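Single-letter residue listing:
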Amino acid sequence: MKKRVLIACTMQMDVINYVLKKYQISMPVIWLERALHHNLELLHKELQNQVDLQQHMDEIVLSYGLCGHAISGLCSKKARLVFPAFDDCICQLLYTGPEKSRRYGLKEKGCYYLTREWTIDKEAIVPQCEMILKQYGEECGKEIIQQIYSGYHTISLIETGAYDVGKLQSFVEKASELTGMCVKLQEGSCRVMEHLLLGNYDNTICVVNPGERIGHAIDIG
């Protein structure tokens, strides 16, 4: 049996734990904090460091998509690198198939996507807006919020089955009240994560052989 390890972002914890439990998959997981995305160079360095530490494995599985090319240039000397062929984790969740198609998850322009993790993050939309109103006052604060979210018209709560969207209703309603955006429930899936963790590598998954580097120009359909 192949020895596999997963290097994952904490913002994908719900979906990953859901798939691991659903299919009774036993594999070690190395969690990296979402805050690393603020500095893509730092994220890249930490990912390469973790890859270097896992050379006793046969496969090193990354939950990350391209993520601003943070994974570009990663190289594993002895183990294969495996990762989703998507721009980011939201695109992964928006993909619903079918497997044979080359149509990957695409974001709709003007939609602000939410998962449960994004509602509990310290930089989540509700606490951010409330902090602005507290700091700048009602009138000025509302103007600032409108400027920040002027490119969005809809809050899309992604439903994947990995968490109870009903428990997030009050959060999205508050976010809508603060920003003026409407709310919709967006169909999503755990399909990409299932393929990744089960080792079912189709055209939604990229595999890089030992000694090769992840390229900047990856065909993601």
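For the structure, see preceding data.
Procedures and definitions
- Residues numbered from 1 in each chain as written.
- Predicted model: local features only at pLDDT ≥ 70, side-chain atom pairs only at ≥ 80, totals over all residues.
- Heavy atoms only, no water.
- Core = buried A, V, L, I, M, F, W, Y, C linked by side-chain atoms within 4.5 Å.
- Buried < 20%, exposed > 50% of the residue type's maximum accessible area, 1.4 Å probe, protein only.
- Helix = DSSP H or I, 4+ residues; strand = E, 2+ residues; numbered from the N terminus.
- Contact = heavy atoms within 4.5 Å.
- Expected span 1.5 Å × (residues − 1).
- Arc of directions from axis to C-beta.
- Polar contact = N/O pair within 3.5 Å; in protein donor to acceptor, adjacent residues only side chain to side chain.
- Pairing = 2+ DSSP bridges.
- Axes fitted to C-alpha atoms, helices over the stretch in contact; angles between N-to-C directions.
- Salt bridge = Lys/Arg side-chain N within 4 Å of Asp/Glu carboxyl O.

Participant: Got a sec to walk through the nonpolar core? Specific residues and values, please.
Facilitator: Counting residues in each nonpolar core, the largest one holds 47 residues, and the members touching the most others are Ile-125 and Leu-197. Elements supplying a minimum of two residues to this core: strand S1 (4-9), helix H1 (13-22), helix H3 (89-94), strand S5 (111-114), helix H5 (125-136), strand S6 (154-159), helix H7 (169-179) and helix H8 (191-198). With near-sequence residues (within four places) excluded, Leu-197 lies in contact with Arg-4, Leu-6, Ile-16, Val-19, Leu-20, Ile-25 and Met-27. Listed in part, the 26 residues of the second largest apolar core include Leu-43, Cys-67, Phe-83 and Cys-206.

Participant: Quick rundown of H5? Include the residues and the values.
Facilitator: Over its 12 residues, H5 runs 16 Å from end to end, which matches the ideal 16 Å to within 8%, given 1.5 Å per residue. Among all positions of H5, only Ile-125, Val-126, Cys-129, Ile-132 and Leu-133 are buried. End-on view of H5: buried residues confined to an arc of 130°, all on one side of the axis. Those residues of H5 that are exposed and aimed more than 90 degrees away from the buried face are Lys-134 and Gln-135. Buried residues belonging to H5 abut S5, helix H6 (138-148) and H7. Gly-137 sits one or two residues past H5 and shows a positive phi near 85°.

Participant: Hey, could you go over the side chain of Glu-59 for me, with residue numbers and the actual values?
Facilitator: On the secondary structure map, Glu-59 appears in strand S3 (residues 59-62). Within the local environment of Glu-59, its side chain forms a polar contact with the side chain of Lys-2, the two groups lying 3.1 Å apart. Polar side-chain contacts of Glu-59 include one of 2.7 Å to the side chain of Tyr-201. When near neighbours in sequence (up to four residues on either side) are disregarded, Glu-59 contacts Lys-2, Lys-3, Arg-4, Val-5, Ala-79, Arg-80, Val-82 and Tyr-201.

Participant: Which residues make up the sheet that holds strand S7 (residues 182-187), and what values go with them?
Facilitator: Pairing between the strands of a sheet is mediated by backbone hydrogen bonds and can be parallel or antiparallel. As summarised here, the arrangement of the 3 strands in space is S5-S6-S7, forming an open sheet in which the pairing is parallel. Every other strand in the sheet has two partners, leaving S5 and S7 as the edge strands with one partner each. In this sheet, neighbouring strand axes are inclined to one another by 30° on average, regardless of whether the strands run parallel or antiparallel. With 6 bridges joining them, S6 and S7 adopt parallel strand pairing. Bridging from a neighbouring strand, Ser-156 pairs with Lys-184 of S7. Strands in contact with H7 are S5, S6 and S7; relative to S6, the strand with the most contacts, it is inclined by about 165°.

Participant: Account for H8, naming residues and giving values.
Facilitator: A large share of H8 lies buried, amounting to 6 of its 8 residues. Along H8, the residues that are buried comprise Val-192, Met-193, Glu-194, His-195, Leu-196 and Leu-197. Taken from the residues just after H8, Gly-199 is the one with a positive phi, measuring 80°.

Participant: A description of the side chain of Gln-12 should follow, citing residues and the corresponding values.
Facilitator: Relative to the elements of secondary structure, Gln-12 occurs in the loop between S1 and H1. Within the local environment of Gln-12, its side chain forms a polar contact with the side chain of Ser-63, the two groups lying 2.5 Å apart. Side chain to side chain, Gln-12 and Gln-92 meet in a polar contact 3.4 Å long. Ignoring anything within four residues of it in the chain, the contact list for Gln-12 reads Ser-63, Tyr-64, Cys-89, Gln-92, Glu-117 and Met-193.

Participant: If you had to explain the pattern of salt bridges to someone new, which residues and values would you point to?
Facilitator: Within this structure, the stated rule accounts for 12 salt bridges. Here Arg-116 ties to Asp-14 by a salt bridge, and the two come within 2.6 Å at their closest N and O atoms. You can see Arg-116 sitting in helix H4 (residues 116-120) and its partner Asp-14 sitting in helix H1, a full 102 residues away along the chain. Exposure remark for Arg-116: the relative accessible area of 29% places this residue in the partly exposed category. Taking the shortest distance from any N to any O, the salt bridge between Glu-123 and Arg-34 comes out at 3.4 Å. Taken together, the residues span a long stretch of sequence, with Glu-123 in the loop between H4 and H5 and Arg-34 in the loop between strand S2 (29-32) and helix H2 (40-53) at a distance of 89 residues. Its relative accessible area of 38% is what places Glu-123 among the partly exposed residues.

Functional significance is not addressed by these values, which are geometric in nature.
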